[in-house]
Structure formats: C-alpha cells, structure tokens
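Spelled out from the first residue to the last, the chains are:
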Amino acid sequence: MSRPAGNPSYAAELGAAKKAVALAARLCQTVQQEIVQSDIQSKADKTPVTVADYGSQVLVSLVLNMEVTSGSFSMVAEEDSEDLRKDGAEEILERITDLVNKTLAEDGSYNILLSKEAILSAIDTGKSEGGPSGRHWVLDPIDGTKGFVRGGQYAIALALLDEGRVVLGVLGCPNLPFTSVSNLSGSSSGDQTGALFSAAIGCGAEVQSLDGSPPQKISVCTIDNPANASFFESYEGAHSMRDFTGSVAEKLGVQAPPVRIDSQAKYGALARGDGAIYWRFPHEGYRETIWDHAAGSIVVTEAGGVVKDASGNDLDFSKGRYLVRDTGIIATNKQLMPSVLKCVQEAIKEKKQASSPL
Ligand code: AMP
Ligand code: MG
C-alpha cells in the first residue's frame with residue numbers, strides 16, 4: 001500500500017517504537033517467568049506486576065528519548081511515580097532499578113546505568129494530557145495486567161498521536177502464538193510464541209517475531225457472512241457485558257463460541273485474520289483510556305479493518321487521556337461492520353426498552 005500524499009513518513013518513529021516495545025517485552029518476560037516459577041500468582045501478590053509495569057514504562061520512555069531526538073517529548077502513559085516516592089517504596093524502587101539496568105545491560109545497545117532518581121523521572125515522562133495538537137506518545141506499559149499475573153496474554157502497547165490522530169502503533173505480545181490464536185491452548189503445535197505487530201498510517205500493518213524476524217504484511221479476514229465469523233472478547237468477564245455480546249452474536253447468527261483473550265493482543269490477532277470481530281461493551285460508567293486502544297486500533301485499520309464505537313463513529317483520541325465516547329468498541333472487517341453495527345444498535349434499543357419502567 002502506498003502512502004497517501006500529504007502524510008509525513010513516520011519511519012524513524014516506528015523503528016524507535018518497535019525497539020522500545022521489544023526491549024520492554026523482554027523485561028516483562030523476565031518478570032512473568034519469575035511469577036510463574038515462584039507461584040506468586042496464587043497469592044495474588046501485585047508486586048511483580050507493579051515492577052514490570054514501571055520497568056516497561058521506563059524502558060519505553062528511555063528508548064524513545066534516545067532514538068527520537070527531534071521535537072519535544074510528550075507521552076501519555078498509565079503509570080506515574082507518586083507511589084514510588086512514598087515511604088516504604090524503597091525496596092520496590094530498588095527492584096525496578098535493578099531490573100531496568102539488567103535488561104539494558106543484556107541488550108547492550110545503550111551503555112547507561114540509571115539511578116533511582118532517573119527511574120522516577122523516566123516514569124513521569126508519561127504524565128502528558130495528550131490532546132488535539134502536537135505529537136504525543138501513548139503507552140500502556142502492560143495492557144492486560146490480569147492476564148500477565150495469570151501467565152496468560154498481555155501486551156505492551158505504544159502509539160503515536162500527531163495532531164489528534166493515531167499515526168503509528170506497535171503491540172508487543174510476548175505470549176501470543178506467532179502464527180494464529182488457534183494454537184493458544186495447544187503447546188504441542190510447535191508454533192513459536194511472541195508477536196510484534198506494527199503499523200504506520202498509510203503503510204499497512206505487519207507482524208514479526210519479538211526477536212526480530214523480517215516483518216510480514218498482515219490483513220484482516222475476508223469473511224462476509226456473520227454465520228462464519230468468530231469473535232474475540234475480554235478474558236475478564238467484568239470488562240465487557242457478556243449477556244449483551246451474547247445477544248448480539250445470536251442476532252448476527254454467529255455460530256462459533258467466543259474466543260476470550262486478555263489485552264490488545266485481540267487487536268493483533270484480528271489484524272492478521274485469526275478471527276473476524278472484536279467487541280467490548282464495558283459496564284455503564286467505565287471510561288476507556290486512550291492507551292487501551294490507540295495502538296491496537298491502527299494495527300487493525302492498517303490491516304484493512306475498521307474500528308468504531310457502538311454508534312458507528314470513529315474513535316476520537318484527541319480529547320486527552322480518555323476516549324470521549326464509551327458506548328462500546330467494535331473492530332472488524334469492512335464487509336461485516338454494517339451488519340455488526342445494525343445488530344448492536346438493535347440490541348441496545350432492546351436493552352433500553354427492557355430496563356425502562358414503562
Ligand atoms: P481486556 O483484557 O481487553 O479487557 O483489556 C484490559 C484492560 O481493560 C485493562 O488494561 C484496563 O485498562 C481495562 N479495564 C479495567 N477494568 C475495566 C472494566 N471494568 N471495564 C472495561 N475495561 C476495563
Ligand atoms: Mg490497559
């Protein structure tokens with residue numbers, strides 16, 4: 001696909017973003033292996049998650065700052081250093097510092113050793129409010145924290161906003177089968193694990209292995225009959241209304257059972273055609289953050305798909321740290337979107353009627 005006239009090239013930024021995400025993924029993998037090995041997950045100890053969240057954010061900030069030297073740096077990211085500056089947080093800060101320095105030393109690209117103060121400052125580069133003007137990096141250092149603790153799916157999700165629109169996105173998915181999620185449960189499939197999805201506006205979407213195999217172009221599936229479609233949704237039941245999505249699936253005539261995966265790995269899997277639809281309908285009052293969708297949505301749209309809210313509007317990433325419309329998100333291919341939207345809107349209407357007192 002060629003680049004439309006008038007779009008600047010984001011090649012340098014995309015290269016930096018891939019490098020940042022791949023390095024952060026390495027740190028996350030180290031921590032996740034320790035969780036699984038020490039069986040901390042059964043004690044529901046949040047500490048390893050926190051260490052990996054912060055460590056991932058530090059590495060992404062650091063690599064972007066080293067690799068992209070033009071213009072000022074702004075990042076909208078999930079974590080900040082407030083809790084780490086409190087009394088009693090010394091030990092965890094020490095662990096983050098060691099982990100970051102160890103990851104950097106093993107990688108060998110940068111000859112630096114970060115102090116604790118430098119770690120705190122790097123975390124706080126993520127405090128930007130984003131908005132409609134200028135460039136802002138958008139980062140979820142570990143998307144799908146619950147999957148991460150469970151030893152399941154998670155993603156390091158990084159995007160760039162330029163004048164309010166997402167212009168590139170990278171998703172590092174260390175636990176995703178490289179070829180297809182149909183190999184999710186089969187450890188005997190021989191499929192390699194770990195995928196790095198990337199996309200830049202007007203340039204298509206690609207996947208490569210996390211250790212740097214050559215990128216391959218990807219595209220969404222071409223299914224046009226909903227009866228043959230399968231859909232992704234959150235692994236966590238609390239993150240999307242399953243009774244609602246069940247009724248939409250029934251209206252559409254979807255036959256296959258839902259495929260439930262944590263994190264924006266769902267967007268990556270959809271972008272390479274592993275499934276036909278990804279939808280999420282959070283419970284009322286939940287506000288979606290931009291870092292939960294920016295990278296995933298451009299990977300899907302550049303793979304030929306479409307991402308809309310429940311009213312059929314494009315997602316608006318220009319309004320700060322939150323998405324303004326939060327009535328549900330649907331990602332699918334161009335053929336299926338009209339019927340999916342129609343059934344979603346019918347189901348919303350029925351739900352409203354059922355809850356109305358009259
Ligand atoms: P997923 O695995 O697709 O559900 O995505 C994980 C993301 O869901 C997390 O990073 C959170 O930002 C987000 N999340 C947390 N609580 C909720 C909720 N109650 N409803 C919807 N999304 C949520
Ligand atoms: Mg998240």
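Structure first, text after, so check above.
My aim in this report is to walk through the structure given alongside it, one point at a time. Starting from 1, residues in each chain are numbered consecutively following that chain's sequence as written. Chains carry letters and ligands carry numbers; both start at the beginning, A for chains and 1 for ligands, and go up in the order they are written. Reporting in this predicted model follows two pLDDT cut-offs: at least 70 for local features of residues, and 80 or more for side-chain atom pairs to be given and counted; totals over whole chains, interfaces and linings ignore these cut-offs and use all residues. To get the side-chain values, take all heavy atoms of the structure and skip hydrogens and water.

## Considering the environment of Glu206
A helix here means a DSSP run of H or I that spans at least four residues, while a strand means a run of E at least two residues long, and both kinds are numbered starting from the N terminus. Locating Glu206 in the fold gives a position in strand S6 (residues 205-208). For the pair formed by Glu206 and Ala271, sequence separation is 65 residues and the distance between their alpha carbons is 9.0 Å. Contacts: residue pairs with any heavy atoms within 4.5 Å of one another. Aside from chain neighbours lying at most four places away, what touches Glu206 is Lys18, Leu196, Phe197, Ser198, Pro215, Gln216, Lys217 and Ile218.

## Regarding the pattern of salt bridges
When a carboxyl oxygen of Asp or Glu is within 4 Å of a side-chain nitrogen of Lys or Arg, the pair counts as a salt bridge. Scanning all chains against the criterion turns up 21 salt bridges. For Lys18, the salt bridge identified is with Glu206, shortest N-O distance 4.0 Å. Of this pair, Lys18 sits in helix H1 (residues 11-38) while Glu206 sits in strand S6, and the two are 188 residues apart along the sequence. Across the pair, exposure class does not vary: Lys18 and Glu206 are buried alike. Between Arg242 and Glu233 there is a salt bridge; the shortest N-O distance is 4.0 Å. Through salt bridges with shared partners, a single ionic network connects Lys251, Lys342, Glu346 and Glu350. Whether a residue is buried, partly exposed or exposed follows from its accessible area with a 1.4 Å probe, protein chains only, as a fraction of its type maximum: under 20%, in between, or over 50%, in that order.

## A few points about the packing of helix H3 (residues 90-107) against helix H4 (residues 116-123)
Helix axes are fitted only over the stretch in contact, all axes being lines through C-alpha atoms; the angle between N-to-C directions runs from 0 to 180 degrees. The geometry of H3 relative to H4 is characterised by a closest axis approach of 10 Å and an angle of 85 degrees between their N-to-C directions. The orientation of H3 relative to H4 falls into the category roughly perpendicular. Contacts between H3 and H4 pair Leu93, Glu94, Ile96, Thr97 and Val100 from the former with Lys116, Ile119 and Leu120 from the latter. For this classification, Asp, Glu, Lys and Arg are treated as charged, while Ala, Val, Leu, Ile, Met, Phe, Trp, Tyr, Cys and Pro are nonpolar and the rest, including Gly, are polar. Its residues assigned to classes, the contact of H3 with H4 shows five nonpolar, one polar and two charged. For classification, angles of less than 35 degrees are called roughly parallel, those exceeding 145 degrees roughly antiparallel, those between 65 and 115 degrees roughly perpendicular, and all remaining angles oblique.

## Some words on the sheet that holds S6
Pairing between strands is defined by DSSP: at least two bridges between the two strands are required. Pairing in this open sheet of seven strands is mixed, and the strands run S1-S2-S3-S4-S5-S6-S7 from one edge to the other. The open sheet has two free edges, formed respectively by strand S1 (75-77) and strand S7 (216-218), since each of these has just one partner strand. On average, each strand axis in the sheet is inclined to that of its neighbour by 20 degrees, with strand direction left out of account. Direction of pairing for strand S2 (residues 135-143) relative to strand S3 (residues 155-162): antiparallel, over a ladder of seven bridges. Residue pairing in the sheet places Leu139 in a bridge with Leu158 of S3.

## Some thoughts on the coordination of the magnesium ion (ligand 2)
Coordination of the magnesium ion (ligand 2) by the protein involves Asp140 (OD), Asp143 (OD) and Asp292 (OD), with metal-donor separations of 2.0 to 2.3 Å. Ligating atoms shown are N, O and S within 2.8 Å of the metal, or 3.2 Å for Na, K and Ca, and water is not included, meaning a site may look less than complete. Each donor residue of the magnesium ion (ligand 2) lies on the same chain, and together they follow the pattern D-x2-D-x148-D. In this pair, the class of Asp140 matches that of Asp143, namely buried.

None of the figures reported here should be taken as evidence of function without further support.
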